[in-house]
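Reading the structure
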Amino acid sequence: MLGFFLADILVLGIADRGKALETDTAYWNMFVLKHKLNEKLGIHLKSEQWFLDDVSRLGLYNFTPGAKYSWSEHVDFELNYRFQRLKLLDELTTEHRVEIIPSLKGEWAGFKFELRNRLELRNIDGENSLRLRERIQIKRNFKHKNWDFDYYISNEIFFDSDPNDFNQNRAKAGISKEVAPGLNMGLYYMYWTIEGKELFKANVIGTVFLFLF
């Protein structure tokens, strides 16, 4: 049953509708700095860079300071502000965003489940909009002799108030590992689609560098 469930999650990101552009190849990178103030509250600074058009140009960069509060073993709450510049195809946009992110977590048979609900209050070049993102993630730790890492899959759907429809999907599989005290590195593959006048599709290789201090 688990195999069928995981396959269904990945398939959600692969259905094509309408006229499609040629599938892009992209590289995404994220740096995360985290600091725990106490057992429940932490602060962070995140920054992403996207290289698009077959990894030939910088298509996005952003900076996201924020805080995360662990309400309980099963509930987290995160609040962020983001400044972002994006050039997906031809148009360059500047965005200011507030992100409100409650998450539900649980564990069963060694698997960790997380449902992340993300409400984004966006201002893009002076125009206000809302976006809701729902992500389910399943993670498990693997240990054998000298091997010790986490592996996961996730799927995220986007509902945007402009154009008032579900218009984006991200299906991802990856691994992460602590490589040194205070440093965690991750690698993932993602199939990414965006519905617009034309269907944008991309195969994304991504890296994550998490620094704890």
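Residues numbered from 1 in each chain as written. Predicted model: local features only at pLDDT ≥ 70, side-chain atom pairs only at ≥ 80, totals over all residues. Heavy atoms only, no water.

A short note on the confidence of the model for the protein
On average, residues of the protein carry a pLDDT of 92, and 91% of them reach 70 or more. Confidence drops under pLDDT 50 across residues 1–16; counting only partners more than four residues distant or on other chains, this segment forms 24 contacts. (pLDDT = per-residue confidence, 0-100. Contact = heavy atoms within 4.5 Å.)

Observations concerning the side chain of E120
Its place among the elements puts E120 in strand 6 (residues 111–124). Apart from the residues lying within four places of it in its own chain, the contact partners of E120 are R97, V98, E99, S129, L130, R131 and R133. (Helix = DSSP H or I, 4+ residues; strand = E, 2+ residues; numbered from the N terminus.)

As for the pairing of strand 11 (residues 200–212)
Sheet topology places strand 1 (residues 24–36) next to strand 11; 11 bridges connect them, and they run parallel. Looking across to strand 11, one finds that Y27 is bridged to I205. Hairpin connection from strand 10 (residues 183–194) to strand 11: five residues lie between these consecutive antiparallel strands. (Pairing = 2+ DSSP bridges.)

Here we look at the packing of aromatic side chains
Scanning the entire structure with this criterion turns up 11 aromatic pairs. Note on W50 and W192: the rings are 5.1 Å apart at their centroids and 75° apart in plane angle, and the pair reads as edge-to-face. Separated by 142 residues along the polypeptide, W50 in strand 2 (residues 41–52) and W192 in strand 10 bring together distant segments of the chain. Taken individually, W50 and W192 each receive the classification buried, so the pair is uniform in this respect. By the ring-pair criterion, three or more aromatic residues cluster together here, those being W28, W50, W192 and F200. Stacked on the ring of F111, the Lys or Arg R140 has its end atom at 4.6 Å from the ring centre. (Phe/Tyr/Trp six-rings, centres within 6.5 Å; stacked < 30°, edge-to-face > 60°. Buried < 20%, exposed > 50% of the residue type's maximum accessible area, 1.4 Å probe, protein only. Lys NZ or Arg CZ within 6 Å of the ring centre and 35° of its normal.)

Quick word on the nonpolar core
By size, the foremost hydrophobic cluster in this structure holds 14 residues, and its most contacted members are W28, L52, W192 and V204. Contributing elements (two or more residues each) for this core: strand 1, strand 2, strand 10 and strand 11. With four residues, the single largest contributor to this core is strand 10. In this view, W28 contacts Q49, W50, L52, R170, Y188, M190, W192, V204, I205, G206 and T207; residues no more than four positions away in its chain are not counted. (Core = buried A, V, L, I, M, F, W, Y, C linked by side-chain atoms within 4.5 Å.)

Considerations on the environment of A109
With respect to the element layout, A109 can be found in the loop between strand 5 (92–108) and strand 6. Between the C-alpha atoms of A109 and Q168, which are 59 residues apart in sequence, the distance is 31 Å.

So, the environment of N169
Tracing the backbone shows N169 in strand 9 (residues 165–180). Taking the relative accessible area as the measure of exposure, N169 reaches 7% and is therefore buried.

Quick word on a negative patch on the surface
On the surface, D90, E91, D125, E127 and D162 cluster together into a patch of negative charge. Here D90 lies in the loop between strand 4 (75–87) and strand 5. Given the relative accessible area of 72%, D90 is considered exposed. (Patch = residues over 30% accessible without salt bridge, like charges linked within 9 Å, V, L, I, M, F, W, Y side chains within 5 Å. Areas by Shrake-Rupley, 256 points an atom, 1.4 Å probe, with all protein chains shown as cover. Salt bridge = Lys/Arg side-chain N within 4 Å of Asp/Glu carboxyl O. Lys, Arg positive; Asp, Glu negative; His and termini not counted. Charge placed at Lys NZ, Arg CZ, Asp CG, Glu CD.)

Quick look at the pairing of strand 8 (residues 147–160)
When strand 7 (residues 127–144) meets strand 8, the two strands line up antiparallel, connected through 14 bridges. Residue L132 lies in a different strand from strand 8, and its bridge partner there is F159. Counted between consecutive antiparallel strands, the loop separating strand 7 from strand 8 contains two residues, among which K145 sits at a positive phi close to 55°. Pairing between strand 8 and strand 9: 11 bridges, direction antiparallel. The residue of strand 9 that forms the bridge with S154 is K172. Between the end of strand 8 and the start of strand 9, which pair antiparallel, lie four residues, with N164 showing a positive phi angle near 60°.

Structural notes on the sheet that holds strand 2
Strand order in the closed barrel formed by 11 strands is 1-2-3-4-5-6-7-8-9-10-11, and the pairing between neighbours is mixed. Across this sheet, the average inter-strand angle for adjacent strands is 20°, counted without regard to direction. As judged from the 10 bridges shared by strand 1 and strand 2, these two strands associate in the antiparallel manner. If you follow K34 over to strand 2, its bridge partner there is H44. (Axes fitted to C-alpha atoms, helices over the stretch in contact; angles between N-to-C directions.)

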